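Chain by chain, the residues:
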Amino acid sequence: MIDNLESNYNCANAGQDLHQLKQELAALQEQGGNDQASKEAIHRLENQISFILNKCDINH
């Protein structure tokens, strides 16, 4: 997970960051964690992915 995504995010890193975030999300989803911490981590990863896609105008 990326620690801080801010409005000044550098889209040059988007390809690598998206790949990493999607791998982390898939791993968490495969574990099927239903506890609150897992749900929050999944939600945060989904938000980070959405932020990068929107910020960098990437169609997925």
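Residues numbered from 1 in each chain as written. Predicted model: local features only at pLDDT ≥ 70, side-chain atom pairs only at ≥ 80, totals over all residues. Heavy atoms only, no water.

1. A word on the overall build of the protein chain
Helix and strand counts for the protein chain come out as 2 helices and 0 strands. Here the C-alpha coordinates of the protein chain stretch approximately 35 × 20 × 15 Å along the principal axes. When burial is assessed residue by residue, the protein chain has 30% of its 60 residues classed as buried. Considering only contacts within the protein chain whose residues lie at least 6 apart along the sequence, 67% involve residues at least 24 apart. If you sum the accessible surface of the protein chain, you get close to 4300 Å²; carbon and sulfur atoms cover 42% of it. For the protein chain, the distance from the average position of its 4 positive side-chain charges to the average position of its 9 negative side-chain charges is 4 Å. (Helix = DSSP H or I, 4+ residues; strand = E, 2+ residues; numbered from the N terminus. Buried < 20%, exposed > 50% of the residue type's maximum accessible area, 1.4 Å probe, protein only. Contact = heavy atoms within 4.5 Å. Areas by Shrake-Rupley, 256 points an atom, 1.4 Å probe, with all protein chains shown as cover. Lys, Arg positive; Asp, Glu negative; His and termini not counted. Charge placed at Lys NZ, Arg CZ, Asp CG, Glu CD.)

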